[in-house]
Amino acid sequence: EKMGYESYFLIVWDFVRWAKEHGIVVGPGRGSAAGSLVSYILNITELEPLQYDLLFERFLNPDRISMPDIDMDFADDRRSEVIEYVTEKYGKDHVAQIITFGTMAARNSIRDTGRVLGMTYAEVDVIAKLIPQFTHLEEAIRNVPELGSMYNTDERVKKLLDLAKKLEG
């Protein structure tokens, strides 16, 4: 109340409640909002912060200059329904969507693919370290002789790199 965020919490509570009532899967909460007792009491998040010794002061305290954000996850296939509800209720000029997309670089795609394929960290690391920084896998296979040789002679490495190429970027 002292910080003036009552309406903010009630608006978030409103659309989270609406989504749950309409069978739309809502994430349990993440980030610093998951440590907020207010978020938990309002059923915005489902993690009881005191039980897990989460510090809700990190999320909401009088010394914080910027307004806190509550990271929300909704089922991909029904997210548009939540956005439509919020837009209709609060007005198009009061709604904005924020999303972050990450890209997977060549080395990370190799490491993640290797882990899924059950390869050891050591064998995947040898391959990943052959990739020059800021180089795409296709280019590295062509231009790094040792990597190209491994790709052409070892079926496991070929499978790893072919799958990793699909994840890269």
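In what follows, the structure referred to is the one given above.
Residues numbered from 1 in each chain as written. Predicted model: local features only at pLDDT ≥ 70, side-chain atom pairs only at ≥ 80, totals over all residues. Heavy atoms only, no water.

With that out of the way, let us pick up the packing of helix H4 (residues 106–116) against helix H8 (residues 155–167). As a packed pair, H4 and H8 sit with axes 8 Å apart at the nearest point and diverge in direction by 120°. Considering their axes alone, H4 and H8 lie oblique with respect to each other. Crossing of H4 against H8: the hand is right-handed. Contacts between H4 and H8 involve Ser 109, Ile 110, Thr 113 and Gly 114 from the first element and Leu 160, Leu 161, Leu 163, Ala 164 and Leu 167 from the second. (Axes fitted to C-alpha atoms, helices over the stretch in contact; angles between N-to-C directions. Helix = DSSP H or I, 4+ residues; strand = E, 2+ residues; numbered from the N terminus. Parallel < 35°, antiparallel > 145°, perpendicular 65-115°, else oblique. Left-handed = near helix turned anticlockwise from the far one by under 90°. Contact = heavy atoms within 4.5 Å.)

As a further point, take the environment of Glu 168. Of note, Glu 168 is situated in the segment after H8. Residues Glu 168 and Thr 45, 123 residues apart in the sequence, show an inter-C-alpha distance of 33 Å. Other than its neighbours up to four places away in sequence, Glu 168 contacts Met 104, Ala 105, Ala 106, Ser 109, Thr 135, His 136 and Leu 137. A distance of 3.2 Å separates polar atoms of two side chains, one belonging to Glu 168 and the other to His 136. (Polar contact = N/O pair within 3.5 Å; in protein donor to acceptor, adjacent residues only side chain to side chain.)

A few words on a nonpolar patch on the surface. On the surface, Leu 47, Tyr 52 and Leu 54 cluster together into a nonpolar patch covering about 260 Å² of accessible area. Position of Leu 54 among the secondary structure elements: in the loop between helix H2 (37–41) and helix H3 (79–90). Looking at Leu 54, the relative accessible area reads 32%, which means it is partly exposed. (Patch = residues over 30% accessible without salt bridge, like charges linked within 9 Å, V, L, I, M, F, W, Y side chains within 5 Å. Areas by Shrake-Rupley, 256 points an atom, 1.4 Å probe, with all protein chains shown as cover. Salt bridge = Lys/Arg side-chain N within 4 Å of Asp/Glu carboxyl O. Buried < 20%, exposed > 50% of the residue type's maximum accessible area, 1.4 Å probe, protein only.)

Attention now moves to unusual backbone geometry. Phi angles above zero are rare outside glycine, and Asn 43 is one such case at about 65°. Note that Asn 43 resides in the loop between H2 and H3. Residue Phe 134 is not a glycine yet carries a positive backbone phi of 65°. Along the polypeptide, Phe 134 turns up in the loop between helix H5 (121–128) and helix H6 (137–143). For Phe 134, a relative accessible area of 78% puts it in the exposed group.

A word on the pattern of salt bridges. Applying the stated criterion across every chain yields a total of 13 salt bridges. Among the ionic pairs, Asp 162 bridges to Lys 158, the shortest N-O distance being 3.0 Å. You can see Asp 162 and its partner Lys 158 sitting in helix H8, four residues apart, about one turn around the helix. Classification of Asp 162 as partly exposed rests on a relative accessible area of 24%. Owing to a relative accessible area of 27%, Lys 158 belongs among the partly exposed residues under this scheme. Among the ionic contacts, a cluster of salt bridges with common partners joins Asp 14, Arg 17, Glu 21 and Lys 89.

Take the packing of aromatic side chains next. This model, assessed by the stated rule, comprises four aromatic pairs. For the pair Tyr 8 and Phe 9, a centre-to-centre distance of 5.9 Å together with 75° between the ring planes defines the contact as edge-to-face. Phe 9 shares its class with Tyr 8; the two are buried. With a centroid separation of 6.2 Å and 50° between ring planes, the pair formed by Phe 15 and Phe 74 is classed as tilted. Taken together, the positions of Phe 15 in helix H1 (residues 6–21) and Phe 74 in the loop between H2 and H3 put the pair 59 residues apart, joining distant regions of the chain. Taken individually, Phe 15 and Phe 74 each receive the classification buried, so the pair is uniform in this respect. Ring pairs connect the aromatic residues Tyr 5, Tyr 8 and Phe 9, which therefore count as one cluster. Over the face of the ring belonging to Trp 13 we find Arg 17, whose NZ or CZ atom lies 5.0 Å from the ring centre. (Phe/Tyr/Trp six-rings, centres within 6.5 Å; stacked < 30°, edge-to-face > 60°. Lys NZ or Arg CZ within 6 Å of the ring centre and 35° of its normal.)

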